[in-house]
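One letter stands for each residue in the lines below.
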There are 4 protein chains.
Amino acid sequence: MRWVVVVAAPPGRPRRCGYSGPVDAAAIGVGMLGTAFMGKAHTLAYRMIPAVAPDLALRPELVAIAGRDPARTAAAAARYGYARAASGWEDLVADPAIGLFDNGGPNDLHAAPTIAAAEAGKHVVCEKPLGRDADESLEIWRRVAATGVVHLCAFNYRFVPAVRLARDMIAAGELGDLRHVRIRYLQSWGADPATHDRWRFDPAVAGSGALGDLASHAVDLVRFLAGEPAAVSAAARTFRPTDGRPAVDDAVAAVLELDGGAIGTLEATRFATGRINQLAWEINGDRGTLAFNLERLNELEVFEAGSRGFRTVVVSEPGDPHWDLWWPPGHGIGWDHTFVHELLHLLRAIAGETPVAPHGATFEDGYRAAVVCDAIRRSAETGVREPVAYAAA
Amino acid sequence: MRWVVVVAAPPGRPRRCGYSGPVDAAAIGVGMLGTAFMGKAHTLAYRMIPAVAPDLALRPELVAIAGRDPARTAAAAARYGYARAASGWEDLVADPAIGLFDNGGPNDLHAAPTIAAAEAGKHVVCEKPLGRDADESLEIWRRVAATGVVHLCAFNYRFVPAVRLARDMIAAGELGDLRHVRIRYLQSWGADPATHDRWRFDPAVAGSGALGDLASHAVDLVRFLAGEPAAVSAAARTFRPTDGRPAVDDAVAAVLELDGGAIGTLEATRFATGRINQLAWEINGDRGTLAFNLERLNELEVFEAGSRGFRTVVVSEPGDPHWDLWWPPGHGIGWDHTFVHELLHLLRAIAGETPVAPHGATFEDGYRAAVVCDAIRRSAETGVREPVAYAAA
Amino acid sequence: MRWVVVVAAPPGRPRRCGYSGPVDAAAIGVGMLGTAFMGKAHTLAYRMIPAVAPDLALRPELVAIAGRDPARTAAAAARYGYARAASGWEDLVADPAIGLFDNGGPNDLHAAPTIAAAEAGKHVVCEKPLGRDADESLEIWRRVAATGVVHLCAFNYRFVPAVRLARDMIAAGELGDLRHVRIRYLQSWGADPATHDRWRFDPAVAGSGALGDLASHAVDLVRFLAGEPAAVSAAARTFRPTDGRPAVDDAVAAVLELDGGAIGTLEATRFATGRINQLAWEINGDRGTLAFNLERLNELEVFEAGSRGFRTVVVSEPGDPHWDLWWPPGHGIGWDHTFVHELLHLLRAIAGETPVAPHGATFEDGYRAAVVCDAIRRSAETGVREPVAYAAA
Amino acid sequence: MRWVVVVAAPPGRPRRCGYSGPVDAAAIGVGMLGTAFMGKAHTLAYRMIPAVAPDLALRPELVAIAGRDPARTAAAAARYGYARAASGWEDLVADPAIGLFDNGGPNDLHAAPTIAAAEAGKHVVCEKPLGRDADESLEIWRRVAATGVVHLCAFNYRFVPAVRLARDMIAAGELGDLRHVRIRYLQSWGADPATHDRWRFDPAVAGSGALGDLASHAVDLVRFLAGEPAAVSAAARTFRPTDGRPAVDDAVAAVLELDGGAIGTLEATRFATGRINQLAWEINGDRGTLAFNLERLNELEVFEAGSRGFRTVVVSEPGDPHWDLWWPPGHGIGWDHTFVHELLHLLRAIAGETPVAPHGATFEDGYRAAVVCDAIRRSAETGVREPVAYAAA
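### Re the relation of the copies chain C and chain B
Inference 1: Take chain C, turn it by 180 degrees, move it 0.0 Å along the axis, and it overlays chain B with an RMSD of 0.0 Å. What the rotation and shift describe, once combined, is the action of a two-fold rotation axis. Scanning chain C for the C-alpha nearest the rotation axis identifies Gly334 of chain C, at a separation of 1.8 Å.
Inference 2: Same-surface contact between copies: 100% of interface residues of chain C are shared with the interface of chain B.

Written out as structure tokens, the structure is:
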């Protein structure tokens, strides 16, 4: 039986999870931009990594954190364990104790701080979307790549174990020729915008709405799992009252045509009443099908051609991706553990143990997602199928 | 609590299912064209209807059946209980004992027999797709409508109780303004074409592939539940080797833009490995969401804005659509019972108790589905968003 | 891969469902006792069988139906298609045109009519529970067996295709040594007794409550799938107010110890709020596990030792039990189709094509279920583990 | 609509998760016994708590860790961030810098170290089962209670948000009178014992098998959610070959009778092939039903009497238990986050902000679980229903 062979446990099949040897790793100073959602998620990961990573090459040290509001930033520093609160991102860029600049700020603060940090010789991780459009993303990628630092665009869903398992299976040919991909990222808070940061609705700050916030994740997963889109045909809507002011999109829907011949659909919306955080996809190949839903992130649905019915594979067994960090079989992880996997991968890349690509997203991946999102936006406006074409660095 | 009010049981809430009074109904003679899949499904329904329908106005009498192969037709007549095997559809049209002509033949046998039967004064039911394209469908509709007989296009999924419940809820405004519809009809036998009738792959006979066979069902449900499509943007693929001969599509994917502002996606394929017969949809409105999957056809997923989580409503309770035909609560029906509901509805329409529309599909609905399918085909070819526009009778 | 081999399709794997040759079968006259729930369910099956059974050896002919109320009985005869309404069960027993006596009456009408019919030389099918307790059941079995007629106790859940598939897999050793069985039959209408026939709450008529009505099904499935119970330890409750009058149980719970060493649990209740008709079981063996839920009766959950995760097998494929009666793959059946399977099996047994056992339940099985139910009742009363011991005919 | 009212969000409904003010908390030194599974899980929680707890009263400081193997202990200290590796548990008890003794050792190391630590004035948390039987558990409880320190028995599943929500709903009367509880804790690694610590199979060390390891969790949840058991009737099995040596049970099954009249079933096994870590329960009351499965721990199934169908409540919304520690709605937590909740609760109890009971388990709860487990063991041996009776401190 060939299936799931790529993730087979090593001989002997030890079922105990990773209680490893001592940590004898060099340290790298972390400077964090952002004290809110992503600042908290990334920080928690840095705090967990030394305790759970089996063979840690580089230990993160929390040097400084920066945010908009000084009092809030001071509180975050105290709570999260940063040695100091910085006065702003320039302060982080200037600090020689910082070797890794982590950008969890709003979209309009992605380009300048990230480029500056890289040009100051710091490795960089930047939240998605990389820039507010393809042009800005290209600029960020080119400027950072030119410095030679390690860069990662934080498409964290690549680091869900079930997603990584899917990628490995597809890359090993277990699905055969791909026929279809369908992916949707559905949220519902658009009906209650007061609950969210105002910047997310401002085109000047956010660049776009559901497109950059949610569809970019979906585009990255399509590229990660199924390959490059060749063309898109799309529609978009803004459902909130805008009073005539410029407004970001609330929802997009697109037909995808992939290199290699597969076709499919991609949707992202903030107006799917009842769907709180449903990122779900299915990929059909001529030898099998895989399906995933972030709402049940420890499971992967697997169908092998010629068999009877889908299997619900619980991805927390020996040999599963990232299993060695955690617990005995069947003790599932949560959403925030994806950041542990992602930032550990980044630290390993900085330590020279692995390249960021293909399992992590580089800034080139951030740029490419923006190219596809821009094509969706253009097709929605013109009603014409838009080809996808990427520039080189 | 306003929800599901439209289907509330009558006061007193009798939980016993419909053991009704005597059948004192006039009879109508049925002539069946087709001995295979649909011939069997429709016939079984005619045999069940008198035993389960609570207040039957018109009792179907199985007069004659016609098919391509005489021996097979004779066997079908004996097995299904038709009084005689006909020599061909013209024989059915000529038989004065037949008051209802049921067309379950291949797509290229929809137009001529159905029109002839109607012009001979017989009521008609025709399997979907009505014609092989919009032009042929328009011709059938116009010619039949001109005769004044009752006509029904057999989009049987309108008669799944959960689908009908969804329609009633949406029509009653329980979902508010619609934002999204996503629908897919996934099958997988395209990889194994030898298992199916050859005519389904012949453009001259079938007209199209997954488009007419599967997408037409999806289009009808979108229209039934969420309203009229205004425009489509699409892609299509033929995955089977065609050796350069004309070939039908194996899969289509489309973005939908509906009258009223909702957007969504529609897919149909014979190449979704592992998905045997998955017709699934979800509709999001600003007051709620409904979701359905034919694989679990006795269930409807319901979300009300402001509540906590989706409810799995088991549609076999007093007050549910078609409940009075069947069993105590929780004793679910099967796929073939949809034909009992559909053909009972047709008999009631012939008896003058109800119009076919809006709960059943008329030939106009058959034509409109063909218009949308043609728009999908054209958009897939040209790469341009296609508007949807209907002719009048 | 050995799994599900026992149900493999014949070579060539025809995917079209059973459109078979002509029906050239002898007829057998059916006399039905009961016009309500079971009368309707059985009758509908008799009406469907000739149209769907691939190779019918014996064609049921609806001769007469009997019930308590003459008007209602006359209406049922007309509606269901019986040639006449009988004045009572004695009338059915006396009718030489009747070769098969079908007892769908209340529990206190099981013994006398069934024995009389058998002694009049008619084959008999009797609804469950066979008698109101083990003694009465033994009497029925012995008296009927002595006549030499074919007898079937209508434990229809043996004829759910997924249940039959499970039985075949276990019998073929695919689960290895059994470790556990857990089964529950949960309903909720006990809170609303006015919705049900009053006789179900009268100990003199019903014999018991949830025990005979629901637990008997569960006991039969344990015996059918996992083998004979050796001992039970139980508790029972009556939740309804009884005003001091004798009352049937509303719920039972038991620990099972099986021959062969497996242990498990069995529950039946009419007070599981929200569970309308949940008959669910799971069986663990050292080589695999199977799980089933009547609410999704077209599915069987399958786990093979050494594999990754449970597979949801959709039981409507070529080679699946009873598949040849119905539709192409993925077109699921409903609850009432189990009676088609069951009564077709009975007709084949009468025609000498197959014995009733082991796939159908004989009156001996009806008796044995009653023995286990009695042991549950006694253990609930005494608080002592009760052994299970069967008498011979 | 009264439901789920007990967990309603505060007015204004802030949807942002808990980014709180600075941490200005006193510290308490932690001494950890155990470097393996529980040592890691508890330590990770202590590391996370300061970063996520909204209003931290007492900050855990990792002082020392003790284990069997010195090299392994040193490695654990380095990795987990303890200031030093201790030479043994006596060393922890003697250290004045330690104010909280955390016992994650094997069962035979629960009594002596925990009692000694408490008598040295340290607050104590002890893994379950508290002792190897009821007598030992009573001794631990009485000795520790006499010292006046805060004590918590680590039944961490009380701290799954969905379980806590269920408890709050039931305590608020939302389920009405309870009728049934059914609970099972199914694992499958018993077939592969080499993968687990040998001490778990040694009666002298472990006390019991599935009973203390798994059934104790189930018993605690029954008590936490549904109330006190009054009697049990049980069976037990040892499936592994024991070569005649004393062996622990591999599986138990029991009928429960609760104070208040509800009945139900409880199972625990290490031999449920395919079930990796399924702790699942359902509770039926006359006003509603709740159901939970640890495999999908962010969800609670809710049924309200009079409504249509179960709702899948995703427990990560404002107002849900423990929500203020984590993320925006729909970003689920993992298994290990239960320890964050549990140990934070303990720290708050030590700070005097809340008692341990009723939301956390005290040593009295640990003792009572042991009493019920002992009754199960006795009933399995004798075949007689065993009453449950507790001693006072």
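### Section: helix α4 (residues 111–119) of chain A
All names here are of chain A.
Inference 1: Ala111, Pro113, Thr114, Ile115, Ala117 and Ala118 are the residues of α4 that are buried.
Inference 2: Contacts made by the buried residues of α4 are with β1 (26–33), α3 (89–94), β4 (100–103), β5 (123–126), α5 (134–147) and α10 (363–382).
Inference 3: The positive-phi residue at the C-terminal boundary of α4 is Gly121, with phi of around 90 degrees.

### Things to note about unusual backbone geometry
Inference 1: In this structure, the amide linkage connecting Ala357 of chain C to the following residue, Pro358 of chain C, adopts the cis form with an omega of 5 degrees.
Inference 2: Locating Pro358 of chain C in the fold gives a position in the loop between α9 (337–350) and α10 (363–382).
Inference 3: Its identity as a non-glycine residue notwithstanding, Asp243 of chain D has a phi of 50 degrees, on the positive side.
Inference 4: For Asp243 of chain D, the position within the fold is in the loop between β8 (229–237) and β9 (251–258).
Inference 5: Phi at His322 of chain D takes a positive value of approximately 70 degrees, unusual for a residue other than glycine.
Inference 6: Along the chain, His322 of chain D turns up in the loop between β14 (310–314) and α9 (337–350).

### Looking at the relation of the copies chain B and chain A
Inference 1: It takes a turn of 180 degrees to lay chain B on chain A, together with a shift of 0.0 Å along the axis; the resulting RMSD is 0.0 Å.
Inference 2: Looking at the interface residues of chain B, 98% of them are also at the interface in chain A, so both copies use one shared face.

### A look at the sheet that holds strand β3 (residues 84–85) of chain B
All names here are of chain B.
Inference 1: Within the open sheet, the six strands sit side by side as β3-β2-β1-β4-β5-β6. Their pairing is parallel. In this open sheet, the two edge strands, each paired with only one partner strand, are β3 and β6 (151–153).
Inference 2: In terms of strand pairing, strand β2 (residues 58–66) meets β3 through two bridges, oriented parallel. Bridging from a neighbouring strand, Ala64 pairs with Arg84 of β3.
Inference 3: On top of the sheet, helix α1 (residues 37–52) reaches β1 (26–33), β2, β4 (100–103) and β5 (123–126); it is set at about 150 degrees to β2, its chief contact.
Inference 4: Sitting on the sheet, helix α4 (residues 111–119) touches β1, β4 and β5, and the angle it makes with β4 is about 175 degrees.

### A short note on the packing of aromatic side chains
For any two aromatic rings, the description comes down to two numbers: the centre-to-centre distance and the angle of the planes.
All names here are of chain B.
Inference 1: Under the defined criterion, the tally for this structure stands at 44 aromatic pairs over all chains.
Inference 2: With a centroid separation of 5.2 Å and 40 degrees between ring planes, the pair formed by Phe303 and Phe310 is classed as tilted. Each of the two residues, Phe303 as well as Phe310, counts as buried.

### A word on the side chain of Asn156 of chain A
Inference 1: Position of Asn156 of chain A relative to the elements: it lies in the loop between β6 (151–153) and α6 (161–171).
Inference 2: Apart from residues lying up to four places away in sequence, Asn156 of chain A is in contact with His217, Trp335, Thr338, Phe339 and Glu342 of chain A.

### With respect to the interface of chain C and chain B
Inference 1: The interface is formed by 52 residues belonging to chain C together with 53 residues belonging to chain B.
Inference 2: Buried surface at the junction of chain C and chain B, summed over both partners, amounts to about 4700 Å²; 56% is from carbon and sulfur atoms.
Inference 3: For the interface between chain C and chain B, the tally reads two salt bridges.
Inference 4: Counting the contacts that link chain C with chain B gives 21 residue pairs in polar contact (both at pLDDT 80 or more).
Inference 5: Of all the secondary-structure elements, those providing two or more residues to the side of chain C that touches chain B are α1 (37–52) and α2 (70–80) of chain C.
Inference 6: With nine residues, the top contributor of residues to the side of chain C that touches chain B is α1 of chain C.
Inference 7: Of the residues in the side of chain C that touches chain B, the class split is 26 nonpolar, twelve polar and 14 charged.

### Observations concerning the pattern of salt bridges
Side chains carrying opposite charge are able to pair once their charged atoms draw close together.
Inference 1: Enumeration according to the criterion identifies 116 salt bridges over all chains in this entry.
Inference 2: The salt bridge involving Arg385 of chain B is made with Glu257 of chain B; its shortest N-O contact spans 2.9 Å. Taken as a pair, Arg385 of chain B in the loop between α10 (363–382) and β15 (386–387) and Glu257 of chain B in strand β9 (residues 251–258) lie far apart in primary sequence, 128 residues in all.
Inference 3: Note that Arg84 of chain D is salt-bridged to Asp91 of chain D, the shortest N-O span being 3.2 Å.
Inference 4: We classify Arg84 of chain D as partly exposed; its relative accessible area is 29%.
Inference 5: Put simply, Arg158, Asp220, Arg223, Glu228, Glu364, Asp365 and Arg368 of chain A are held in one network by salt bridges that share partners.

### Remarks on the environment of Asp102 of chain A
Residue and element names in this part refer to chain A.
Inference 1: Mapped onto the elements of the fold, Asp102 is located in strand β4.
Inference 2: The buried category is assigned to Asp102, whose relative accessible area is 0%.
Inference 3: With 52 residues separating them along the chain, Asp102 and Ala154 place their C-alpha atoms 9.8 Å apart.
Inference 4: Discounting chain neighbours no more than four positions away, the residues touching Asp102 are Gly31, Met32, Leu33, His42, Tyr46, Val125 and Leu343.
Inference 5: Within the local environment of Asp102, its side chain forms a polar contact with the side chain of His42, the two groups lying 2.8 Å apart.

### Side note on the environment of Ala112 of chain A
Residues and elements named next belong to chain A.
Inference 1: Tracing the backbone through its elements, the reader meets Ala112 in helix α4.
Inference 2: Ala112 gets classed as partly exposed once you look at its relative accessible area, which sits at 44%.
Inference 3: Each C-alpha atom, one on Ala112 and one on Trp89, is 9.6 Å from the other, the two residues being 23 residues apart in sequence.

### A word on α10 of chain B
Residue and element names in this part refer to chain B.
Inference 1: Taking 1.5 Å of rise per residue, the 20 residues of α10 would be expected to cover 28 Å, and the 28 Å separating its terminal C-alpha atoms lies within 8% of that figure.
Inference 2: α10 sits mainly inside the fold: 15 of its 20 residues count as buried.
Inference 3: The distance from a side-chain oxygen at the start of α10 to the backbone nitrogen of Glu364 is 3.1 Å, and the residue carrying that oxygen is Thr362.

### Thoughts on the side chain of Ser307 of chain B
All names here are of chain B.
Inference 1: Examined against the element boundaries, Ser307 turns out to sit in the loop between β13 (299–304) and β14 (310–314).
Inference 2: Owing to a relative accessible area of 19%, Ser307 belongs among the buried residues under this scheme.
Inference 3: From its side chain, Ser307 meets the backbone oxygen of Glu304 in a polar contact 2.8 Å long.

### Quick word on the sheet that holds β6 of chain A
All names here are of chain A.
Inference 1: Spatial strand order, β3-β2-β1-β4-β5-β6: six strands in an open sheet with parallel pairing. Only two strands of the sheet have a single partner each, and these edge strands are β3 (84–85) and β6.
Inference 2: Of the pairings in the sheet, the one linking β4 to β5 comprises four bridges and is parallel in character. Directly across from Asn103, in β5, lies its bridge partner Cys126.

### Here's the deal with the packing of helix α4 (residues 111–119) of chain D against helix α5 (residues 134–147) of chain D
Residues and elements named next belong to chain D.
Inference 1: Across the interface, α4 lies against α5 with an axial gap of 8 Å and an inter-helix angle of 10 degrees. It follows from the interaxial angle that α4 and α5 lie roughly parallel. Counting all contacts with α4, which are made through Ala111, Thr114, Ile115, Ala118 and Glu119, the residues of α5 involved are Glu136, Glu139, Ile140, Arg143, Val144 and Thr147.
Inference 2: Residue composition of the contact of α4 with α5, grouped by class: five nonpolar, two polar and four charged.

About the criteria used
- Residues numbered from 1 in each chain as written.
- Chains lettered and ligands numbered in written order.
- Predicted model: local features only at pLDDT ≥ 70, side-chain atom pairs only at ≥ 80, totals over all residues.
- Heavy atoms only, no water.
- Least-squares fit on C-alpha atoms with pLDDT ≥ 70 in both.
- Contact = heavy atoms within 4.5 Å.
- Buried < 20%, exposed > 50% of the residue type's maximum accessible area, 1.4 Å probe, protein only.
- Helix = DSSP H or I, 4+ residues; strand = E, 2+ residues; numbered from the N terminus.
- Pairing = 2+ DSSP bridges.
- Axes fitted to C-alpha atoms, helices over the stretch in contact; angles between N-to-C directions.
- Phe/Tyr/Trp six-rings, centres within 6.5 Å; stacked < 30°, edge-to-face > 60°.
- Buried area = accessible area lost by both parts, 1.4 Å probe.
- Salt bridge = Lys/Arg side-chain N within 4 Å of Asp/Glu carboxyl O.
- Polar contact = N/O pair within 3.5 Å; in protein donor to acceptor, adjacent residues only side chain to side chain.
- Nonpolar A, V, L, I, M, F, W, Y, C, P; charged D, E, K, R; others polar.
- Expected span 1.5 Å × (residues − 1).
- Parallel < 35°, antiparallel > 145°, perpendicular 65-115°, else oblique.

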